[in-house]
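Working through the structure, step by step
In case you want the letters, here they are:
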Amino acid sequence: MSSELLVYMSGSFVPLSAANVSIFDSALMYGDMVFEVTRTFGQQPFRLRHHLERLYGSMRYAEIDCGLSLAELEAATYRTIEVNQAQLADGFDFQITHNVSPGVFGYYRSAFPDRPGPTVTISCWPLRARLAEYAPQYEAGVRSVIPSQRAVPSQYIDPKAKNRSRLYYRRADHQAHRVDPEAWAVLLDGNGYIAEGTGSNVFLVHKETLYSPEGRNILRGVTRGFVLELAQTLGIPVQERNLEPYDLLNADEAFFTSTPFGIMPMTNCEGQPVGNGTPGPVTRRLLAGFGEHVGVDLVQQARAAAAAVAGESAMAQDAAGS
Ligand SMILES: Cc1ncc(COP(=O)(O)O)c(C=O)c1O
């Protein structure tokens, strides 16, 4: 077994450091690459089918044929996990990333006879370092900023297709970070309604009811879908409707959802506390319910990851000093 992670690259496995695409790949030239990020809980992929179904929806939207059926791509995904099992067994979970583009763009293809078809990659990456960063954020919640950069409305480029043309998300992050280097951006759509985060969906709680923006100008997150179901199971009323910054500033609680962290409390927006400025009871109930469903306490896991990372860096410092 190689000590390097292996990446599925259009039908074969290559070491991570050799998993490259051409500078003439359509993904680089036009940004027409679609992707998915799935994570594991207890080393088992969570809602992989949901992610793959969304990936095929994104491919249909971008008119990319990856040359594989969903079942074949799913089998390749499990094979990728299998060949990387030894490297991923660090006691924490990992993410699985699918990237699909049409491959080398049209007239450049003649220079790449060995890359005739679409680019399809499946890679795994340990989540430990990322989880460690979430530990203090689960406890205190994150701050948010509403940048001037707007979400691209679905009638232009539909954000329901999870694609790599992400300049507007980067601009939103840059703008938010100039205000507060640790803040997460909350994007508004063209009408001034709350759309989503730059890698997450947004929820508010007001008078015990859970609200999320309608699934129009957003990526319809797999986690968002799960949290909507979970809330119903827990008897928490749910409404999907247009939300304005005013609603966020007057919410009792707010949180982000996304694959890597599940649910992340948002305790401040634009310098003002959301609710009482601490993760609220509905958010905590949903976080606990999430953990029960997947068999992993998300907050505990992040704490354990933070402790492991801190222990390792202390050992490295000792070694450097000795
Ligand atoms: C723009 C955007 N919105 C929402 C999400 C959350 O989606 P999911 O819950 O499927 O990870 C993501 C995830 O990366 C995202 O990039």
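Higher on the page you've got the structure.
Reading the values: rules and limits
- The numbers attached to residues start from 1 for each chain and follow its sequence in the written order.
- Only residues with pLDDT of at least 70 get local features here, since the model is predicted, and only at 80 or more are side-chain atom pairs given and counted; chain-wide, interface and lining totals rely on the full set of residues.
- Values reported for side chains reflect all heavy atoms of the structure, with hydrogen atoms and water molecules removed beforehand.
- Proximity is defined per residue: any heavy atom of the residue falling within 4 Å of a molecule or strand makes that residue near it.
- Polar contacts, as used here, are pairs of N or O atoms within 3.5 Å; protein pairs need one atom able to donate a hydrogen and one able to accept it. Residues neighboring in sequence count only if both atoms are side-chain atoms.
- Accessible surface area values rest on a Shrake-Rupley calculation with a 1.4 Å probe, where residue burial reflects the displayed protein chains alone.
- Counting from the N terminus, the helices are the DSSP runs of H or I reaching at least four residues and the strands are the DSSP runs of E reaching at least two.
- Only Asp, Glu, Lys and Arg are considered charged, only Ala, Val, Leu, Ile, Met, Phe, Trp, Tyr, Cys and Pro nonpolar, and every remaining residue, Gly among them, polar.
- Paired rings are identified among Phe, Tyr and Trp, the last through its six-membered ring, by centres lying within 6.5 Å, and are further divided according to the angle between planes into stacked (under 30 degrees), edge-to-face (over 60) and tilted (the rest).
- Each residue is placed in one exposure class: buried if its accessible area under a 1.4 Å probe, protein chains only, is under 20% of its type's maximum, exposed if it is over 50%, and partly exposed if it falls in between.
- Placement of a positive charge over a ring is assigned whenever Lys NZ or Arg CZ falls within 6 Å of the ring centre and within 35 degrees of the normal to the ring plane.
- When a carboxyl oxygen of Asp or Glu is within 4 Å of a side-chain nitrogen of Lys or Arg, the pair counts as a salt bridge.
- A pair of strands is labelled paired if DSSP reports no fewer than 2 bridges between them.
- Residues count as neighbours in contact if any of their non-hydrogen atoms are within 4.5 Å of one another.
- To get an axis, fit a line to the C-alpha atoms, keeping to the stretch in contact for a helix; angles then go from 0 to 180 degrees between the N-to-C directions.

Moving on: the site of the ligand. The immediate surroundings of the ligand are formed by 17 residues, with Lys 162, Glu 196, Val 222, Thr 223 and Thr 259 found nearest. Residue Ser 200 places a main-chain N or O atom 3.4 Å away from a nitrogen atom belonging to the ligand. Take Thr 223: an N or O atom from its side chain is 2.5 Å from an oxygen atom of the ligand. For the ligand, the accessible surface in isolation is 390 Å², of which the surrounding protein chains cover 95%. Those elements that place two or more of their residues in the shell around the ligand are helix H2 (48-62), strand S9 (194-197) and helix H6 (222-233). Per-class residue counts for the shell around the ligand are three nonpolar, 10 polar and four charged.

Below, the discussion takes up the packing of aromatic side chains. This structure, assessed with the given rule, holds 17 aromatic pairs. Between Phe 46 and Phe 290, the ring centres sit 5.9 Å apart and the planes meet at 45°, which makes this aromatic pair tilted. Highlighted residues: Phe 46 in the loop between strand S4 (44-45) and H2 and Phe 290 in helix H8 (residues 281-294), separated in sequence by 244 residues. Overall, Phe 46 belongs to the buried group, its relative accessible area being 14%. Every member of this aromatic cluster is reached through a ring pair, and the members are Phe 24, Tyr 30, Phe 105, Tyr 107, Tyr 108 and Phe 112. Of note, Arg 164 hangs over the ring of Phe 35, and the distance from its end group to the ring centre comes to 3.5 Å.

This part takes up the pattern of salt bridges. Enumeration over the complete set of coordinates arrives at 12 salt bridges. Note that Asp 93 is salt-bridged to Arg 39, the shortest N-O span being 3.2 Å. Highlighted residues: Asp 93 in the loop between helix H3 (70-88) and strand S5 (94-101) and Arg 39 in strand S3 (residues 34-41), separated in sequence by 54 residues. On the basis of relative accessible area, Arg 39 is assigned to the buried category, the value being 2%. Note that Asp 158 and Lys 160 form a salt bridge whose closest N and O atoms lie 3.1 Å from each other. Residue Asp 158 is classed as buried on the basis of its relative accessible area of 15%. Taking the relative accessible area as the measure of exposure, Lys 160 reaches 22% and is therefore partly exposed. Among the ionic contacts, a cluster of salt bridges with common partners joins Arg 143, Asp 180 and Glu 182.

For the rest of this paragraph, the subject is the sheet that holds S3. Reading across from one edge, S2-S1-S6-S5-S3-S4 is the order of the six strands in this open sheet, with antiparallel pairing throughout. Each of the sheet's edge strands pairs with one partner strand only, and the pair in question is strand S2 (12-15) and S4. With two bridges connecting them, strand S1 (residues 6-9) and strand S6 (residues 119-126) associate as antiparallel partners. Bridge pairing in S6 places Met 9 opposite Thr 121. Running over the sheet, H2 touches S3, S4 and S5 and is turned about 175° from S3.

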